[in-house]
Every structure is written in C-alpha cells, then in structure tokens.
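Summary of structural features
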Amino acid sequence: MSVIEDNIREIRENIAEGALKSGRNPSEVKLMAVTKTVDDDRILEAIEAGVDIMGENYIQEAKRKIETMGVDVKWHMIGHLQSNKAKYAVRLFDMIHSIDRMGLAAELDKRSAAAGRIMDILVEVNVSGEESKNGVGADEAFSLISQIARLDNLSIRGLMTMPPWFDDPEDARPYFVALRELRDRIVAEEIPGVEMRELSMGMSGDYRVAVEEGATIVRVGTAIFGARVY
Ligand SMILES: *Cc1c(COP(=O)(O)O)cnc(C)c1O
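These numbers come from a predicted model, not from an experiment. (Residues numbered from 1 in each chain as written. Predicted model: local features only at pLDDT ≥ 70, side-chain atom pairs only at ≥ 80, totals over all residues. Heavy atoms only, no water.)

**Some remarks on the overall build of the protein**
Going by this rule: Numbering of helices and strands runs from the N terminus, with a helix taken as a DSSP run of H or I at least four residues long and a strand as a DSSP run of E at least two residues long. For every residue, the accessible area (1.4 Å probe, protein chains only) is compared with the maximum for its type, and the residue is labelled buried under 20%, exposed over 50%, or partly exposed between those bounds. Two residues qualify as a contact provided that any one of their heavy atoms is within 4.5 Å of a heavy atom in the partner residue. Computed with the Shrake-Rupley method and a 1.4 Å probe, the accessible areas treat only the protein chains shown as cover for residues. The charge count includes Lys and Arg as positive and Asp and Glu as negative, but it does not include His or the ends of the chains. Here the site of a charge means atom NZ of a Lys, CZ of an Arg, CG of an Asp or CD of a Glu.
What the protein contains, in helices and strands, is nine helices and nine strands. Once the C-alpha set of the protein is aligned to its principal axes, its extents read approximately 50 × 40 × 30 Å. A buried classification covers 47% of the 230 residues belonging to the protein. For the protein, restricting intrachain contacts to residue pairs at least 6 apart in sequence, the fraction spanning at least 24 positions comes to 59%. On the protein, roughly 11000 Å² of surface is accessible, and the fraction owed to carbon and sulfur atoms is 46%. Across the protein, the mean location of the 29 positive side-chain charges is 5 Å away from that of the 40 negative side-chain charges.

Listed below in structure tokens is the structure:
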C-alpha cells in the first residue's frame, strides 16, 4: 500500500470517528484532497484511493491539471478569487468555496449565465475577525447572502471558513462552533433560494475537531500528500 493510500485510509477512519461522535453518519462528510503544488502522479494515487473532490487555490495551476489529467472527479476552488478570473473559474470548477463579496458574486453570476450554467458556491466567513483573513465578517454574512440569493446563476450551498492557525487543534474548536451556529441562524431566516447543506471547515491539523463540530467537507492537503514544496 502506498503512503498516500495509507494516509487517506487513516483520515477516513478519523472522519468516521468524528462523525459518529457528533451523531452523524460518516457518509455525510466528504474528504477533499487539496492538491496545490502536488504532482499529477500523486494526485492520481489519491484518486485511485477513492478521493473524488480535489481542491485547488490558483487558476493557472488548476487549469493545467483539469485540462490535462483526464480524470473524472470534481474540482473545487478554495483559494482567493479575483473578479477578473471569474470567467476561468466558471469554466473549470464544480464549486467555489471562497465567495466573500458582492462584486465577485455578481461577476461570477454574469459569467455563469454566459456559460449557460448554475455555479454552486459557498460563502467564506471570517469568523475570527483577523484582519489578514479573507472572508466576509459574520455580521455582514446575512446581507451578503440575501443579495447573492437574488442572482439567478449562483446557487448558495453553505459556508466555508479558515480559523487562525493553532498548535493545538482544540483551540480552533470555537471557530468551527461559530460557523455552525451562524449556519443555523441563516437557516432560521428562511431566505428563498439559500441552502445551507455544506460546512467546509477543517484542514490537516484540525479536521477531526471540525468534523465533531459539523463539517460536511474537510479540506486536507499535507496529511494526505506530505509537506508542500513550493
Ligand atoms: C492549502 C489549503 C488547505 C489544506 O491545508 P493543509 O494544512 O495542507 O491540509 C485547506 N484549505 C485551504 C483554503 C487551503 O488554502
């Protein structure tokens, strides 16, 4: 068994444990392999081990991989997206996790209409309020989501967050709880056209905690592929 296959098996076991702890079926949690800087061969190993969602951060890199790898998996955009790259994003991705402002949403909506498709999106929330982080503030999320809900070619599927980095993953728990509670408050608003099925949270260091707190998509790079070489 390859190292990558082995890592994935262990991660799936941890996910299952966390899901059961939170009273959920392990099948409700999807594992995304974060493939930035990872070679095609190693991505293929992850796919062979059964991972079917790949997460990419950069348009250029994703474009090359998606157009040349010839594999039937889903590709999600998880990196910061500039509005002027929206047209490429619409062509390449099945879902975009990093929608945090109306200008970007409007541009994506326009480009999705032109391409004749509906784009699934998540709204990225900065729950910690750190200046350096992308994402809409929790307080502004309601207004952003109701505005995006009026766009015909975007479909809001849930929320995404990236807590601050901690040595101890337990320190990230309050941020995962905050995202889940925000999700519940948004659901209670019953905004037409808004679905809050997905919570994209948890990375290599803290995905176990994120799953315990309700994550439905965990975004894991290093724990699958080893440290990234830039
Ligand atoms: C790189 C990245 C990840 C994966 O991080 P690891 O610590 O390697 O698992 C997850 N989410 C986002 C948004 C990223 O940019």
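That covers the picture; the talk isn't over yet.
**Some details on the pairing of strand 2 (residues 53-56)**
Quick reminder of the rule: Being paired, for any two strands, means DSSP has found at least two bridges between them. Throughout, right-handed denotes a crossover for which the path from the first strand over the helix to the second runs clockwise when the strands point away from the viewer.
Of the two faces of strand 2, the one lined by Ile53 and Gly55 and the one lined by Met54 and Glu56 are each fully buried. Sheet analysis places strand 1 (residues 30-34) next to strand 2, joined by three bridges and oriented parallel. Among the inter-strand pairings, Val34 is bridged to a residue of strand 2, identified as Gly55. Relative to strand 3 (residues 74-77), strand 2 runs parallel, the two sharing four bridges. Bridge pairing links Gly55 to His76 in strand 3. Read as a crossover between parallel neighbours, the route from strand 2 over helix 3 (residues 59-69) to strand 3 is right-handed.

**Points about the packing of aromatic side chains**
Note the cut-off: By convention, a stacked pair of Phe, Tyr or Trp rings (six-membered ring in the case of Trp) has centres within 6.5 Å and planes under 30 degrees apart, an edge-to-face pair has planes over 60 apart, and any other such pair is tilted.
Summed over all chains, the structure comprises one aromatic pair. Here the aromatic rings of Phe166 and Tyr175 are separated by 5.9 Å at their centres, their planes lie at 25 degrees, and the arrangement is stacked. Classification of Tyr175 by relative accessible area gives partly exposed; the value is 23%.

**Side note on the site of the ligand**
Definition in use: Proximity criterion: a residue is near a molecule or strand once any of its heavy atoms comes within 4 Å of it. Pairing of N or O atoms within 3.5 Å defines a polar contact, subject to two protein rules: one partner must be a possible hydrogen donor and the other a possible acceptor, and residues neighboring in sequence count only if both atoms are side-chain atoms. Cavities and pockets are defined on a 1 Å grid built over the protein atoms alone: a cavity is a set of grid points where a 1.4 Å probe fits but cannot escape, while a pocket is an open set with protein on both sides within 12 Å along at least five of seven lines, and lining residues are those with an atom within 4 Å of any such point. Assignment to a cavity or pocket requires that more than half of a molecule's atoms be within 2 Å of the site's grid points. Throughout this entry, Asp, Glu, Lys and Arg are counted as charged residues, while Ala, Val, Leu, Ile, Met, Phe, Trp, Tyr, Cys and Pro are counted as nonpolar. The remaining residues, Gly among them, count as polar.
Residues in contact with the ligand, as listed here, are Val34, Lys36, Asn57, Ile78, Met162, Met203, Ser204, Arg219, Val220, Gly221, Thr222 and Arg228. At a separation of 2.7 Å, an oxygen atom of the ligand approaches a polar side-chain atom of Lys36. Note that a nitrogen atom of the ligand is positioned 2.9 Å from one of the side-chain N or O atoms of Arg219. Isolated, the ligand exposes 390 Å² of accessible area, and the fraction of that covered by the protein chains is 90%. With respect to the detected pockets, the ligand is housed in the largest pocket. Tallied by class, the residues present in the shell around the ligand amount to five nonpolar, four polar and three charged.

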